[in-house]
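Summary of structural features
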Amino acid sequence: MGEAIYPVPAEWAENALIDDARYTAMYQQSVSDPDAFWATEAQRIDWIKPFTKVKNTSYHAGDFGIRWFEDGTLNLSANALDRHLATRGDQIAILWEPDSPDEAERRITYRELHEMVCRFANVLKDQGVARGDRVTIYLPMVPEAAVAMLACARVGAIHSIVFAGFSPEALAGRVEDCGSRIVITADEGLRGGKKVPLKKNVDAAAAHAPGIEKVIVLKRTGGDVPMVAGRDIDWHTACAAASPENTPEEMNAEDPLFILYTSGSTGKPKGVLHTTGGYSVWVSATHQYVFDYRPGQIYWCAADVGWVTGHSYLIYGPLLNGGTTLMFEGVPNYPDPSRFWQVVDKYQVEIFYGAPTALRALMREGDEWVKKTSRASLRVLGSVGEPINPEAWEWYHKVVGEGRCPIVDTWWQTETGGTMITPLPGATALKPGSASRPFFGVQPLLLDNDGTIMEGPGDGCLVIADSWPGQMRGVWGDAERFFQTYFTTFAGYYFTGDGCRRDEDGYYWITGRIDDVINVSGHRMGTAEIESALVAHEHVAEAAVVGMPHEIKGQGIYAYVTCNADVEPDEALRKELIAWVRREIGPIATPDVIQFAPGLPKTRSGKIMRRILRKIAENDVGNLGDTSTLADPSVVDHLLANRPQLA
Ligand code: 6R9
């Protein structure tokens, strides 16, 4: 195919934890004898009561179930904190870089973090939080977000983090769905010099979520936020009064650890449920091997704590591995497009893990912003969240990494808990744009549309043949939906929703979602969610949303809207609808294009023909495919004649 290949540099092959021969041997064992392989890997965790069973899983109706290490007990917070105290109590656990470079950073040692977590765990207990209770976290990128997560894990509560960019409506829906009585928030967040009214959003959410009994409020900006007497608790006051000692709860490996809401192709976002033991083993192992991580190295994952990458690779993975993890509150281009690389220099970051959308945005600003920084400390670069186009990959490799740093393009999902298909820096020759080969224990398969397994090179639907320890265990509150969503499209397999190509070397190339999920700047959006926000507007009769190619975001949001008969759509309504969707879901769901249409293309049975809408949004109108089943072909002519001018 003539694509570039970057061999493993010799010094990497010699010094890395895993070289190619070791990868092959370990991968072999991981799939031929998963019990033995994962029993060994699980020793990276301190178990209170050791497990006697490793894997007990089935993807088949009848005996469906996913259990790992099921009779073992542990506490994740104790593994991330207490056990490090003797050897690395004074090592920095969290480096915090604020939004503004003029504000002071924070350097929090393991000992300090341990005390903060113990105090906050006691605050939670004082509020009656017990094992199995759900706690919603709606915090900006501050160390207290990690403290709140670890405190929940410590007392056995299940955290549900809601991204701080989500609207009050979205927050209320998630709070109600999991039935949490407590929300943890801050007065305001700070991003790119702008304030985010978090406490105000929680107050607004509480109007729709009567289940909220207590709100714990962290002071971040010192903004003037009214406190509700009897409901709101000041974080600092409560922690100061709490004991600095706390005994972690003994949790079963299969006790829930967290819920994280993510978008699917149908319905409301679903609460993806992860449990304790398998997840701990999985994020620790993947973090160590994928980044060739050694304790104490300065590691920076730029993802927000509100997404799964923030859970697994900003907080849990690095802390389980005794790492120093850098948390950055701000954005890549504030105060200017050098910021990322200035932060790298300031802390001598060795490993940087970011998203293609940020790289594309920075690439567009020109190389000078990068080149005026040193970046000599960097050893490994990572990519996650969406396919990285070869052009951005080459820029990342040549300009940011100066040709020196292996790039690990890691494919995975909220549902998978951690990395599934990825290069290992000392083992894998790199092909720009390919996530390359499966991680240990992962058995990817490509199926054609009939569900037949494809051998050799080809393009198909990506499924995983067998369970791995970090796999999600359920959809919160809807046991049936888990099996239905992931295991019935192709019976007996976990269906990822992604399309994928495998080349002649067995490398995997993710081609993107094949369901009605779009990936905007690495954020998953269900088209159904945006549609239901649009039709909730009084002037809208019907809406259909599809993805469109977008230079920076990867995909943009293209909405076709049919208004009620008595409404004359105009520019003002377009603006109003855009603001409406931002308010209903959040700024990440802002439509890029709204095309008003008197009708949508439908089959005679009334199904919207999204394939046609996608083609129009992609500006691929020469080939609309079979339109013979359209109920009214003139609808398509109207759509084509009235496409908005795209910038
Ligand atoms: C971790 C995360 C999952 C979806 C996934 C896929 C896309 C993620 C990717 C990638 C190509 C990569 N995706 N990483 N596509 N190459 N390296 O992003 O989880 O938010 O659940 O999104 O993102 O389409 O199915 P999540």
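Because the structure is predicted, anything quoted here is derived from the model rather than measured.

Focus: the pairing of strand β26 (residues 517-520)
Because side chains alternate across β26, one face comprises the buried residues Val517 and Asn519, and the other comprises Ile518 and Val520, equally buried. Where β26 lies against strand β27 (residues 523-526), four bridges are found, and the strand directions are antiparallel. Pairing of valine 517 across the sheet is with glycine 526, part of β27. Connecting β26 to the next strand, β27, in antiparallel fashion are two residues, including serine 521 with a positive phi near 50°.

Digging into the sheet that holds strand β25 (residues 508-513)
The strand order across the open sheet built from four strands is β21-β22-β24-β25, with neighbouring strands paired in antiparallel fashion. Each end of this open sheet is capped by a strand with a single partner; those strands are β21 (444-447) and β25. Strand-to-strand, the axes of this sheet are offset by a mean angle of 45°, without reference to chain direction. Note: strand β24 (residues 494-502) against β25, five bridges, orientation antiparallel.

A look at the packing of aromatic side chains
The full count for this structure, using the stated rule, is 45 aromatic pairs. Look at phenylalanine 37 and tryptophan 38: their rings are 4.9 Å apart centre to centre, the planes differ by 80°, and that puts the pair in the edge-to-face class. A residue is classified by how much of its surface remains accessible, and phenylalanine 37, at 4% relative accessible area, is buried. Given the relative accessible area of 1%, tryptophan 38 is considered buried. Aromatic pair phenylalanine 291 and tyrosine 299: ring centres 5.3 Å apart, planes at 70°, arrangement edge-to-face. Neither residue differs from the other here; phenylalanine 291 and tyrosine 299 are each classed as buried. Put simply, the rings of Tyr23, Tyr27, Phe37, Trp38, Trp282, Tyr289, Phe439 and Phe440 touch in pairs and so form one group of aromatic residues. For arginine 106, the ring lying beneath its charged end belongs to tryptophan 96, and the centroid distance is 5.9 Å.

Details of the side chain of arginine 339
Relative to the assigned elements, arginine 339 resides in helix α13 (residues 339-347). The exposure class of arginine 339 is buried, given its relative accessible area of 1%. A polar side-chain atom of arginine 339 sits 2.6 Å from a polar atom in the side chain of glutamate 97. The residues touching arginine 339, leaving out its near neighbours within four places in the chain, are Glu97, Pro98, Asp99, Ser100, Pro101, Phe328, Val331, Pro332 and Tyr334.

What to know about the sheet that holds strand β20 (residues 407-410)
Spatially, the seven strands line up as an open sheet ordered β5-β4-β17-β16-β18-β19-β20, and their pairing is mixed. Single-partner strands in this sheet number two, and they are β5 (106-109) and β20. The sheet shows a mean angle of 20° between the axes of neighbouring strands, direction not considered. The sheet contacts of helix α16 (residues 390-400) involve β18 (351-354), β19 (380-384) and β20, and relative to β19 the element is tilted by about 160°.

A few points about the UniProt feature "binding site: Mg(2+)" (unreviewed entry) in the chain
Under the feature "binding site: Mg(2+)" (unreviewed entry), the UniProt entry names Val535, His537 and Val540. Using a relative accessible area of 37% as the deciding quantity, one classes valine 535 as partly exposed. If sequence neighbours within four positions are ignored, valine 535 has contacts with Val540, Ala541, Glu542 and Ala543. Note that histidine 537 resides in the loop between α18 (527-535) and β28 (540-550). Exposure remark for histidine 537: the relative accessible area of 4% places this residue in the buried category. Excluding residues that lie within four positions of it along the chain, histidine 537 makes contacts with Leu573, Glu576, Leu577 and Trp580.

The rules behind the values
Residues numbered from 1 in each chain as written. Predicted model: local features only at pLDDT ≥ 70, side-chain atom pairs only at ≥ 80, totals over all residues. Heavy atoms only, no water. Buried < 20%, exposed > 50% of the residue type's maximum accessible area, 1.4 Å probe, protein only. Helix = DSSP H or I, 4+ residues; strand = E, 2+ residues; numbered from the N terminus. Pairing = 2+ DSSP bridges. Axes fitted to C-alpha atoms, helices over the stretch in contact; angles between N-to-C directions. Phe/Tyr/Trp six-rings, centres within 6.5 Å; stacked < 30°, edge-to-face > 60°. Lys NZ or Arg CZ within 6 Å of the ring centre and 35° of its normal. Polar contact = N/O pair within 3.5 Å; in protein donor to acceptor, adjacent residues only side chain to side chain. Contact = heavy atoms within 4.5 Å. UniProt positions renumbered as here; feature names shortened; annotations may be inferred.

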